[in-house]
Amino acid sequence: MTMLPIFEVQNVCFDYEQIPALRGLSLTIGRGQSVALLGANGSGKSTLLRLLDALCFPSRGSISFCSEPLTTEQLRSDEFALPFRRRVALVCQNPDVQLFNPTVFDEVAFGPLQMGWLSAEVVARVEETMHLMGIAHLRDRAPYRLSGGEKKRVALASVIVLDPDVLLLDEPTAMLDPRSQSQLIDLIQSWKSSSKTVITATHQLEIVEDIADRVFVLEQGSVVAAGSPQEILSDGDLLLHANLVHAHRHTHGTMTHSHPHLHSHARHEH
Amino acid sequence: MHIPDGYLSPSTCAALYAGAALGWYGGLQRIKRTLATRMIPLISVFAAFSFVLMMFNLPLPGGTTGHALGVTIASIVLGPAGSILAISIAIAIQALFFGDGGITTLGANCFNMAIVGSLVAYATYRIVAAGAEITSRRRLLAAGLAGYVATNAAAFLAAVEFGIQPMLFRDASGVPQYAPYALGVAIPAMMIGHLAIAGVAEGIIAAGLVAYLQAADPALLQSTSGLAPGATAACQPSMRHPQRRWWIAIALLLLLTPLGVLTAGTAWGEWSASSFSSAEGRARIAAASQNRPAPPVAPTGLQRLSSLWTSPVPAYAPPVLKSTSFGYFLSGMFGVGLVIMLSLALQAYLQHRRGAGQPG
Amino acid sequence: MSRNRAIAATLVSLTRALGRALISERVARQRGLLQALDPRVRVIGLFALVLAVTLSDRISVIVALFCAAVVVALLSKVSLASLAARVWLPVLFFTGVIALPALVLTPGEPILAPTGGSFPVTAQGMSAALLLIARVETAVTLTTLLILCTPWMQVLQALRAFHVPQDVVVMLAMTHRYIFLLAETAGQMFESRQSRTVGVFDGATRRRMTARTAGVLLSKSVELSNEVFLSMQSRGFRGDVRVLSAFRMRSRDYIGLVAFLVAGGVAVWIGRS
């Protein structure tokens, strides 16, 4: 795989009101890679995704996208900002934040309209995307009338309508039932095969192998490990330290012991 | 306090829509300048918050329950311009979507609660809290008082709007066409409920929310505190920005306009030359002048001067309106509107001058 | 129990508000007279009739407009029973209570003396009370018809056509959307408080708890607005929201518009002569 970098993050620091969220974080993501950012809540995954989407900017360090630095000044010019917004898409953890339009149709149409596409084109693309995501029957529905899974599908539709090159997903499987979860994983895998760059932040270890070729482990605002999914998932101590697995005492039949493990698919991994 | 359709005459509604439109325009311009692109989500969510807050049933001292408007906390967090917009939007949605509150009276309701309410709440808060630290107890008192005063100011305006209806709009046989109670009944009837219940509810919620923010998120109280960011001492003057004084002055002016209608007869000295020649006119002059008889002919100086200039709005009443006292009311509104426009122009000019010396 | 009455009352208001929205959606989907007209025609037409109601001085004209409203309601598949429950009875009650003292307080010729002469009911008082009730009933019926038959988005698009600034329309839309989210959040907070608290609290404590709930809601609201702002930017929002343009008038819309305006005009002409 060509390692043409698409994102270069160098020594980035970011604070939320004097509380450090990212401390000297560095990583490089290649074009067309599928990456998982693993970390417990509070490790800085969401913050990093926002920085990659140029929604906030680091107090120290730098981030560049296709060798262009992402700074406040850069994003002020329509010439850079509009293509960037089209090419990089972020799907938030909380879909209510992303569904701010009155109906599903309006929501999916929002992005294309802001890009300045013509009405006929907007309508055509929106219809196509809604059919693709199986939400065409919800077109006039208001967001508060949707179930969790439907909201997620609408949120996804609202970003993929722009045909982005990069997808940033923040805990995409959170609050989804198992069937919706597997449908989402299928979708991510289809993006992988069409050489889109997919960066997923998650703490669910069981999906990592399906959605990523490369894993970065985050702990307290910096990268503590990087490697292939197999390498990372087999390192029990690392995972324990990063608060991604637990080691409580439990019982198998008549035997009681404790060791790092995670509960997944109703099985018990050793 | 929401006035439904049918209680106010169309001309009253139109005048109040005009006044409201000026407030909306001024508020929108100012908020676009201060918040820019952040305006849309911030005002919208705050309007939604205020709407939901209006549904809270608040237990009050004495065993009653009341409802708060949210106009006070909106003014304290967003400032008066943001509050004007947010509360107006909440009222508009109540009327246009939920069917609570009239559509012809939307202008009146927004004028009373969103515009005058915001300005009075903000002015009271700033005056009482002058220079106090963000976490001080004086701010709680200021917020509570602001809520109480603003609610009652809005209620008073509504009462006046009701009360002038029978005076101005009755048919030939004396049947009031709209709200049937004169000021003497309308004002006490409305004010009792608001002095005792609604004002208290709003004051309690405003103080309670400020207390909450002092602990949880004091930064939200920063922008309207009159203190420099990071300042803790109380030696800052409370009115650092001259624009704020304008808003306060305008608020007071707006409040006083309806009182002009209450004066029966003409104000002393404001007589035209023709008043002297009619018996009725002379009787009015005498009545206003402690019953001293008026001269039979207008003084020559008055006659000469009055022919020099005919104002476009002679005797404060455009010819199309039937009633002179209502004409006074309408003209007062437009006079104040002119003041608002001039002050906005002045602000814009001052900001332009200030901005010209800084990098973009 | 009285300690929970305030919370219960609040919960009722919240759920009622959410419920009303659903009813509106159902009626708006019916195929009736109003639903078939362009939303702008609906807004202008019904507003013109409301204006006619407020401009007419004759109660007979107002009653005629009320009958017209009932006919339009029937043709638009709005159930009269729901109108009665939603509009006619509440307005009758509230306006009736407000208008009652006017019977004796309005100066004029006495026609009845229920309290033996000291507070007679006057003819003018009777007329004033009836006129007020008729006006309010008719006006609220007309506006309710408009609201029931027009989905919120169409109301907004109609406003846009009347040159209400784009920013304001976007804010109206977004506010509406988030009212439901915040109402749900508030409802959940109150429900959990209701189930968690045991024992009777004094007034001051209850007030403090309600103020705290309001405070938490406020914090969540501000946080929500920040997140929404980022979300909008992420999808290309630069300061001016762009929307799809809306309606086209067909012949039946013009006919409907003319019908409304003529009806209103005639009503005003007769009503003020």
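Note that the coordinates shown come from a computational prediction; the quantities given were computed from them, not determined experimentally.

Next up on the list: the overall build of chain B. Within chain B one finds eleven helices and two strands. Listed by position from the N terminus, the elements making up chain B come as α-α-β-β-α-α-α-α-α-α-α-α-α. Contacts in chain B between residues at least 24 apart in sequence constitute 68% of all its contacts with a sequence separation of at least 6.

Right, let's get into the overall build of chain C. In terms of regular secondary structure, chain C is built from eleven helices and two strands. Written out in order from the N terminus, the α and β elements of chain C read α-α-α-α-α-α-β-β-α-α-α-α-α. Computed over C-alpha atoms, the radius of gyration of chain C comes to 24 Å, more than 25% over the 19 Å expected from 2.2 N^0.38 for 273 residues, which places it beyond the range of a compact globule. Overall, chain C is about 65 × 60 × 30 Å in size when its C-alpha atoms are taken along their principal axes. In chain C, buried positions account for 45% of the 273 residues.

Contacts between chain A and chain C engage 25 residues on the former and 24 residues on the latter. Elements with a minimum of two residues in the side of chain A that touches chain C: α3 (78-87), α4 (95-98), α5 (104-115) and α6 (119-132) of chain A. Of all the elements, α5 of chain A adds the most residues to the side of chain A that touches chain C, at six residues. Looking at the side of chain A that touches chain C residue by residue, the class counts come to 14 nonpolar, six polar and five charged.

Moving on, we get to the nonpolar core. Judged by nonpolar contacts, the single largest core of 249 residues is most densely connected at Leu168 of chain A, Ile43, Val52, Ala86 and Leu209 of chain B together with Leu145 and Leu182 of chain C. Sorting elements by how many residues they give to this core places helix α3 (residues 71-96) of chain B first, with 18 residues. In contact with leucine 209 of chain B, not counting residues within four places along its chain, are Ile73 of chain B together with Ala211, Ala214, Gly215 and Leu218 of chain C.

As a further point, take helix α2 (residues 39-53) of chain B. End to end, α2 of chain B covers 21 Å across 15 residues, agreeing with the expected 21 Å (1.5 Å per residue, within 8%). With 15 of its 15 residues buried, α2 of chain B lies for the most part within the structure.

Another point: the sheet that holds strand β4 (residues 60-65) of chain A. Residue and element names in this part refer to chain A. Reading across from one edge, β2-β1-β4-β5 is the order of the four strands in this open sheet, with antiparallel pairing throughout. Both outer strands of the open sheet, β2 (19-30) and β5 (68-69), are each paired with one neighbouring strand and no more. Two strands pair when backbone bridges link them, and β4 and β5 are joined in this way by two bridges, in the antiparallel orientation. Counterpart to serine 64 in the pairing with β5 is proline 69.

Residues and elements named next belong to chain C. Partitioning chain C into domains gives domain 1 (1-22 + 152-242) and domain 2 (31-150 + 247-271). Taken together, the contact pairs five residues of domain 1 with five residues of domain 2. Classifying every residue of the side of domain 1 that touches domain 2 by side-chain character gives three nonpolar, two polar and no charged.

Another aspect to go through is the environment of alanine 9 of chain C. All names here are of chain C. For alanine 9, the location among the structural elements is in helix α1 (residues 2-28). Classification of alanine 9 by C-beta neighbours within 10 Å gives partly exposed; the count is 15. Once the C-alpha coordinates of alanine 9 and serine 79 are considered, the two residues, 70 residues apart in sequence, prove to be 28 Å apart.

Another point: the environment of leucine 18 of chain C. Among the secondary structure elements, leucine 18 of chain C is positioned in helix α1. Between the C-alpha atoms of leucine 18 of chain C and valine 258 of chain C, which are 240 residues apart in sequence, the distance is 35 Å.

Cut-offs applied
Residues numbered from 1 in each chain as written. Chains lettered and ligands numbered in written order. Predicted model: local features only at pLDDT ≥ 70, side-chain atom pairs only at ≥ 80, totals over all residues. Helix = DSSP H or I, 4+ residues; strand = E, 2+ residues; numbered from the N terminus. Contact = placed C-beta atoms within 7 Å. Rg over C-alpha atoms; globule rule 2.2 N^0.38 Å. Buried ≥ 20, exposed ≤ 12 C-beta atoms within 10 Å, placed from the backbone. Nonpolar A, V, L, I, M, F, W, Y, C, P; charged D, E, K, R; others polar. Core = buried A, V, L, I, M, F, W, Y, C linked by C-beta atoms within 7 Å. Expected span 1.5 Å × (residues − 1). Pairing = 2+ DSSP bridges. Domains from an automatic or database assignment.

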